[in-house]
Amino acid sequence: MASKNKGPRRGRTRSRKKPGSGLAERPKLVARRRRWPLVLGGGGLCAALLMAWGVFAGGLVTNADSVACGDANSVAGGDKAMDVAAVSMGGAVGGQRGGVGVQRVGVLGGQDDDIWVAPSPDGLSAFDAQLRDLIGKHLSQARSQPESPGVVGELAFVYEANDLWGEAKQCYERAAALDPRDALWLYHAAICGRLAGDVDGAVRLLRVVAERQPRAATVHYRLGELLFERGAFDEAEACFRRTIELVPMLSEGYVGLGRVMLRRRDFAQAEALAKKALSIDPGYGLARYTLGMAYRGLGRGKAARRELVLGVDTQKRYLTDPVSSRLPQYYASRAVQLRRGQELSASGRLDQAVAVFERALSRHPDDVDFLNNYAVVLLKQGALTSAMEVLDHAERVAPDSYLVHANRSKCLVSLGHYLAAVAAAERSVALRSTSGVTHLSLGQALAAMGRFDEAAVALKEASRLDSRNPVAHVLLAKISNRLGDPMAAKFHWMEASKRVPTDVTAHVGVGGACLELGEIDGAEEAIAFAIALAPDRADVRKVSMRLAAARGR
């Protein structure tokens, strides 16, 4: 950001030390200057920087148990492509608290004048201490230096990162007035205005930014989304076409334009655009949904059903920008830190999730929720020893936490300590027998020991208690395969695929079981799902070859 008074940038220090003994030092903040044209200029530089910033998570996690113990990557096959485009970190669901804007505070030089006063949220004294301290620090600076766009902008970052949309918008607008050369201020004012419910105001601001920065793809795309939301399809089409022109290697513009074509009932064009998006990013759910709607319009019912299932509950994504990529360093509210870390973990952005949890634990080393979720991320990364140290510390902090014992069991299984894993899982069940998570951990540990009959009992109880979690069905399917029962395996693979339609492994499992049972039509349908999701995966190619051989008999 352009400013003489430059704001801070986080210099992250990664640490995997044992919690309670300096898990991660609080990051130092250093100054850095950011300019929009460096990021959103044309051609290859824009593409390279967008790629470098990566992708941020989509939907909110709604199941605390699955966050603590579930392994979303393994359930979903692990190969889902998630690169190049992003939901702005300002885009997570949150609420606006009231604040103050410009206040008339007196007379300067003998004349009545308006002096801008940095807004403070209502009920600040009731906020988390960490958030209250962070706001207080930046609020004091902004009120002492109201003419500094960098200082005011830093306060805006704090507010946006912690879901205080109204206050963030006011600060961004002030920074934009002080430094009109830097269009990022107005761009994020528009984002925060939309999140505060002012769609028309956001559109107006984005039009100004798009005029100033005609080569900023992220602006045109977001403006297109808002215009689409308002039903201004002609203008939305122009924005999406401009996005494609600027960043043809990203899928979002094609999906946006495809959705406009659906509204115009040009289903053939919508199909072509959705397929183009999927050729770039096969894992983009909104592209799947758009293709399914195009197929439905073209009367291709079977293909439509497949794509609509794969695109169900999808999330829109937005192209990232320098401010969005900086916001995580300002997460201060405990609830925001926990939710953001869970979102990043669930969407596979593990390094970013680690950073969020390490930062939180540097202030709260004995917070069992942070410890639990941090350990899960380390498990996903394969850092088993570090995960075990975190969980051992969590057990000392909260010896009666059933989630801690369930996660310890999972980690012990991965380390090959099966007897200890069973003991930890049994302790978890004893503490909370009504939770599917505890029975799932016991089933996993027993299955690892080869005690399949006992494991099946525990896994069926886990599925009964938590019908949304697919992991129990995946394990039951694998046990059924080991026991030579393809009918039971088919049932459990199908149940898993219903719960996670993008789980390639589950569709491959259904196809394989159907082939074992001689059900060629069922195998074809399941394998078509797998091919649509991951045509180049080895297990998909293998089951496809088996299907071709079965057809030739």
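Counting restarts for each chain, with residues numbered from 1 along the sequence as it is written. Residue-level local features of this predicted model are given only where pLDDT is at least 70; pairs of side-chain atoms are given and counted only at 80 or more, and the full residue set underlies all totals for whole chains, interfaces and linings. Computation of side-chain values: all heavy atoms of the structure, hydrogens and water removed.

Participant: Describe the overall build of the chain, naming the residues involved and giving the relevant values.
Facilitator: Helical segments are the DSSP runs of H or I of at least four residues, strand segments are the runs of E of at least two, and each set is numbered from the N terminus. A count of helical and extended segments in the chain gives 29 helices and 4 strands. Looking at the 553 residues of the chain, the share that counts as buried comes to 56%. What makes two residues a contact is simply this: any of their non-hydrogen atoms within 4.5 Å. A separation of at least 24 residues holds for 63% of the contacts in the chain among residues at least 6 apart in sequence. Only carbon and sulfur atoms are counted for the fraction: they give 51% of the accessible area of the chain, which is about 22,800 Å². The rule is simple: take the accessible area with a 1.4 Å probe, protein chains only, and divide by the maximum for that residue type; under 20% is buried, over 50% is exposed, in between is partly exposed. Exposure was quantified through the Shrake-Rupley algorithm and a 1.4 Å probe, taking into account, for residues, occlusion by the shown protein chains and nothing else.

Participant: Explain the pattern of salt bridges to me, using residue names and the numbers behind them.
Facilitator: A carboxyl oxygen of Asp or Glu within 4 Å of a side-chain nitrogen of Lys or Arg is what we treat as a salt bridge. Counting across every chain of the model gives 36 salt bridges. Two residues, Arg326 and Glu154, come together in a salt bridge whose shortest N-O distance is 3.5 Å. With a gap of 172 residues between them, Arg326 in helix H16 (residues 322–326) and Glu154 in helix H6 (residues 149–161) connect regions that are remote in the sequence. Its relative accessible area of 7% is what places Arg326 among the buried residues.

Participant: Break down the side chain of His220 for me, with residues and values.
Facilitator: You can see His220 is positioned in helix H10 (residues 217–230). Any N or O atom pair separated by 3.5 Å or less is treated as a polar contact, with the protein-specific requirement of one donor-capable and one acceptor-capable atom, and with residues adjacent in sequence counted only for side-chain atom pairs. Of note is the side chain of His220, whose polar atom sits 2.9 Å from the backbone oxygen of Pro214. Contacts of His220, omitting those with residues within four sequence positions, involve Ala210, Gln213, Pro214, Arg215, Cys239, Arg242, Thr243 and Leu246.

Participant: Which residues make up the packing of aromatic side chains, and what values do they have?
Facilitator: Two aromatic rings from Phe, Tyr or Trp, using only the six-membered ring of Trp, form a pair when their centres are within 6.5 Å; if the ring planes differ by under 30 degrees the pair is stacked, by over 60 it is edge-to-face, and anything between is tilted. Inspection of every chain in the model, using the stated rule, returns 8 aromatic pairs. Here the aromatic rings of Tyr172 and Trp185 are separated by 6.4 Å at their centres, their planes lie at 40°, and the arrangement is tilted. Within this pair, whereas Tyr172 is found in helix H7 (residues 165–178), its partner Trp185 is found in helix H8 (residues 184–195), the two being separated by 13 residues in sequence. Across the pair, exposure class does not vary: Tyr172 and Trp185 are buried alike. Between Phe228 and Phe233, the aromatic rings sit 5.3 Å apart at their centres with planes inclined by 65°, giving edge-to-face as the arrangement. When its relative accessible area of 12% is taken as the criterion, Phe228 is described as buried.

Participant: Kindly report on the environment of Ile135, identifying the contributing residues and their values.
Facilitator: Tracing the backbone through its elements, the reader meets Ile135 in helix H5 (residues 129–144). Owing to a relative accessible area of 0%, Ile135 belongs among the buried residues under this scheme. Along the chain, Ile135 and Tyr330 lie 195 residues apart, while their C-alpha atoms are 9.9 Å from each other. Those residues in contact with Ile135 that lie beyond four places of it in its chain are Pro121, Leu124, Phe127, Leu155, Val158, Tyr159 and Leu164.

Participant: So what's going on with the environment of Leu262? Which residues, and what values?
Facilitator: The topology assignment puts Leu262 in helix H12 (residues 252–263). Overall, Leu262 belongs to the buried group, its relative accessible area being 19%. Among residues more than four places away in sequence, those in contact with Leu262 are Phe267, Ala270, Thr290, Met293 and Ala294.

Participant: Lay out unusual backbone geometry in plain terms, naming residues and giving numbers.
Facilitator: Not every positive phi belongs to a glycine, and Asp163 is a case in point at roughly 70°. Here Asp163 lies in the loop between H6 and H7. Judged by relative accessible area, Asp163 falls into the buried class, the value being 7%.

Participant: Describe the nonpolar core, naming the residues involved and giving the relevant values.
Facilitator: Nine residue types can take part in a nonpolar core, namely buried Ala, Val, Leu, Ile, Met, Phe, Trp, Tyr and Cys, and a core is a set of them joined through side-chain atoms within 4.5 Å. By size, the foremost hydrophobic cluster in this structure holds 130 residues, and its most contacted members are Ile135, Tyr159 and Tyr172. Non-local contacts of Tyr159, meaning those with residues more than four positions away in its chain, are made with Pro119, Ser120, Pro121, Ile135, Leu139, Leu164, Glu167, Ala168 and Cys171. Counting 24 residues, the second-largest nonpolar core is a separate cluster that includes Ala477, Ala496, Val510 and Val540.

Participant: Account for the packing of helix H17 (residues 334–346) against helix H19 (residues 368–381), with residues named and values stated.
Facilitator: Helix axes are fitted to C-alpha atoms over the stretch in contact, other axes to C-alpha atoms as well, and angles between N-to-C directions run from 0 to 180 degrees. Running from N to C, H17 and H19 point in directions that differ by 15°, and their axes come no closer than 11 Å. As judged from the angle between their axes, H17 and H19 are roughly parallel. Classified by chirality, the crossing of H19 by H17 is left-handed. For the pair formed by H17 and H19, the contact residues are Arg334, Gln337, Leu338, Gln342, Ser345 and Ala346 on the first element and Asp369, Phe370, Asn373, Val377 and Lys380 on the second. Here the contact of H17 with H19 is built from residues that sort into 4 nonpolar, 4 polar and 3 charged. Angle categories are assigned with fixed cut-offs, so that under 35 degrees is roughly parallel, over 145 is roughly antiparallel, 65 to 115 is roughly perpendicular, and the rest are oblique. Throughout, a crossing is termed right-handed when the near helix is turned clockwise from the far one, and left-handed when it is turned anticlockwise from it by less than a right angle. We call Asp, Glu, Lys and Arg charged. Ala, Val, Leu, Ile, Met, Phe, Trp, Tyr, Cys and Pro are nonpolar, and the rest, Gly among them, are polar.

Participant: For the packing of helix H21 (residues 402–415) against helix H22 (residues 418–431), give the residues involved together with the corresponding values.
Facilitator: Direction vectors running N to C along H21 and H22 enclose 160°, while the axes themselves pass 8 Å from each other. Between H21 and H22, the angle falls in the class roughly antiparallel. Every pair of crossing elements has a handedness; the one defined by H21 and H22 is left-handed. Taken together, the residues of H22 that come into contact with H21 (itself represented by Tyr402, His405, Ala406, Arg408, Ser409, Leu412 and Val413) are Tyr418, Ala420, Ala421, Ala424, Ala425, Arg427, Ser428 and Leu431. Partitioning the contact of H21 with H22 into residue classes produces 10 nonpolar, 3 polar and 2 charged.

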